[in-house]
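Listed below, chain by chain, are the residues.
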Amino acid sequence: MDNQKQMRVLVLDDDSFMLEFITHLLKELGVSEVLVAENGRSGLYVLAGQVADIDLLICDIEMPGMDGIEFLRNIADQNYRGKIALFSGVNADLLKAAERLAMARGLNIIGTLSKPVTMGAIAAMLEQISLSVPQVLDSDKTLQVLDVADIEHALASDHFGIYYQPKVSAVTGHVMGVECLTRWWHAQYGYVLPDNFISIAEQTGLINDFTRHVLRKSAEQLHVWLQQSLDLRISVNVSMENLDRFNLPELYEETIKKCGVPVERVTLEITESKLGKDFAQTLDILTRIRLKGFGLAIDDFGTGYSSMETLKHMPFTELKVDRLFAHGASNDLATRAILESSIKLGRSLNLNVVVEGIETEADYRLATELGCDEIQGYFIAKPMPADEFIEWLIAYEAMLDDF
Ligand code: C2E
Ligand code: CA
Ligand code: CA
């Protein structure tokens, strides 16, 4: 537990005995600093007063006055990015609902603890944090340090790399294609994930140059693979902010054709975030993107506005069920019900249904049984650089052949 010595934990509970008890457990486990707060308001106060990061926030969801849910809403509004564990004596379903709610607000929930809390449960949680401390830059720190000039520089100096995550057929198991996910190799911070820079690019208009850059690099890679007789397709993420110009279909078509690959092998994934006043323009652009031959996926289906209304109006060819409805579906009835009905819906609309975020064999089996077309997730493989992907592909297809 040596690496946990420098950890700072904040515990929120209205029960002073519980505070003392958990503080004791944490100290026993080697945590260097434990801060406590007896209600939501003082929790906010303690958080606001911190100059250094809190490594873990343990939050009771039942408290008088400002309850845990309200407290979490407040910190979500403030874009709190630290790790949070929820705990409560309420029944497991309610605790799960609170967890989902917090995740839906973008909070980084790493788990739940039921009362009575045991040393083992807390130790497991701390273990998880110390294991998950990555070489990846924390998003809260990144947001403060990365800006438009950094992104411009990275684009000009070719510091964005593409990682490829396989999508496999739910029927045959064979690799159908890859989703192209961007990574930033930053001289100072190392490996930076997209959640830390996409929104900056979107807010500043740089997203147009950025997306074309990613599209070009991904299509160049596809060209190499096709030359090697690998029957692959690529999926590239496109932001709603990209749909601000009517000639977008022509620009993307030109980018793809210059790389010498058929447009039909490229799917653009779109997360609907603001269906509304630009509806006609969005529909115009997406329809013409389809006319050019691109595939068009509705991404993160089931979350936000990526929902029925969007599906009804826009000319999609693929539906990607959000991982929120795939992860853990095999042991959660509500998740399973949503997964099942999303797959049915997609299939009845003749869409290619992809389930993403599959991390376990049980969820993989369930998704195939429920009749989706393709599966993507850590259970198959994580996103990888091109050379690693090819090594993986050869080994994976050889393993399939052995069956
Ligand atoms: P997304 O389009 O939903 O992409 C899937 C994300 O889920 C990826 O995160 C991927 O690494 C992760 N993932 C895949 N399988 C699993 C799994 O089994 N479990 C879990 N927990 N996660 C899994 P990543 O690469 O960090 O990207 C995050 C988001 O950033 C993407 O979500 C996409 O919306 C956006 N993004 C990434 N690259 C680009 C890009 O080039 N352009 C734009 N506009 N957005 C991008
Ligand atoms: Ca995507
Ligand atoms: Ca997605």
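Everything below is about the structure printed above this text.
Residues numbered from 1 in each chain as written. Chains lettered and ligands numbered in written order. Predicted model: local features only at pLDDT ≥ 70, side-chain atom pairs only at ≥ 80, totals over all residues. Heavy atoms only, no water.

## Quick look at the coordination of the calcium ion (ligand 3)
How we decide: Excluding water, the donors of a metal are its N, O and S neighbours within 2.8 Å, or within 3.2 Å for Na, K and Ca, and that exclusion means sites may look incomplete. To sort residues, take the accessible area from a 1.4 Å probe on protein chains only and compare it with the maximum for the residue type: under 20% means buried, over 50% means exposed, and anything in between is partly exposed.
Summarising the metal site, the calcium ion (ligand 3) is bound by the protein donors Asp-299 (OD), Asp-300 (OD) and Glu-356 (OE), whose distances to it range over 2.1 to 2.3 Å. Written as a sequence motif, the donor residues of the calcium ion (ligand 3) are D-D-x55-E. The metal-metal distance between the calcium ion (ligand 3) and the calcium ion (ligand 2) comes to 4.0 Å, with Asp-299 coordinating both. Its relative accessible area of 22% is what places Asp-300 among the partly exposed residues.

## Digging into the environment of Ala-92
The test is simple: Each helix is a run of H or I in the DSSP string that is no shorter than four residues. Each strand is a run of E no shorter than two, and both are numbered from the N terminus.
Residue placement: Ala-92 occurs in helix H4 (residues 92-104). Residue class for Ala-92 comes out exposed when judged on its relative accessible area of 58%. Linking Ala-92 and Thr-112, residues 20 residues apart in sequence, is a C-alpha distance of 9.3 Å.

## Observations regarding the site of ligand 1
Applied cut-off: Neighbouring residues are identified by heavy atoms, a residue being near a molecule or strand if any of them is within 4 Å of it. Under this definition, polar contacts are N or O atom pairs within 3.5 Å; protein pairs additionally need one hydrogen-donor-capable and one acceptor-capable atom, and for neighbouring residues in sequence, both atoms have to be side-chain atoms.
For ligand 1, the set of nearby residues contains 21 residues, the closest of which are Thr-182, Arg-183, Arg-323, Glu-359 and Tyr-378. Here an oxygen atom of ligand 1 sits 2.6 Å away from a polar atom, N or O, in the side chain of Thr-182. Broken down by secondary-structure element, the contributors of at least two residues to the shell around ligand 1 are strand E7 (175-186), helix H9 (207-227) and strand E11 (295-301). For the shell around ligand 1, the element with the highest residue contribution is E7, accounting for four residues.

## A short note on helix H11 (residues 279-291)
The following threshold applies: In this scheme, a helix's expected span is set at 1.5 Å multiplied by one less than its residue total. The arc in question is the one spanned by the directions pointing from the helix axis to the C-beta atoms. Any two residues whose heavy atoms approach within 4.5 Å are treated as being in contact.
Between its terminal C-alpha atoms H11 stretches 18 Å, which fits the 18 Å expected from 13 residues at 1.5 Å a residue. Along H11, the residues that are buried comprise Gln-281, Thr-282, Ile-285, Leu-286 and Ile-289. Looking straight down H11, one finds that the buried residues subtend no more than 120° of arc, so they occupy a single side. Across H11 from its buried face, at more than 90 degrees, point the exposed residues Ala-280 and Leu-291. Looking at the buried side of H11, the elements it contacts are helix H10 (248-258), strand E10 (266-270) and E11. Looking one or two places after H11, you find Gly-293, whose phi comes out positive at around 110°.

## Observations concerning empty space enclosed by the protein
In this approach a probe as big as a water molecule rolls over the atoms, and the regions it shows empty are the leftover space. Applicable threshold: Lining residues are those with an atom within 4 Å of a point, where the points come from a 1 Å grid over the protein atoms alone and group into cavities, where a 1.4 Å probe fits but cannot get out, or pockets, open sets with protein on both sides within 12 Å along at least five of seven lines. Grid points are joined across faces, edges and corners, and a volume is the space filled by probe spheres set on the points. Only Asp, Glu, Lys and Arg are considered charged in this grouping, and only Ala, Val, Leu, Ile, Met, Phe, Trp, Tyr, Cys and Pro are considered nonpolar; every other residue, Gly among them, is considered polar.
Inspection of the entire model under this criterion finds one cavity of 30 Å³ or more. By volume, the largest cavity is sized at about 30 Å³. Lining the largest cavity we find Ile-69, Leu-72, Arg-73, Ala-98, Leu-101, Ala-102, Arg-105 and Leu-107. Where the lining of the largest cavity is concerned, the elements lending two or more residues are helix H3 (68-77) and H4. In the lining of the largest cavity, the residues fall into six nonpolar, no polar and two charged.

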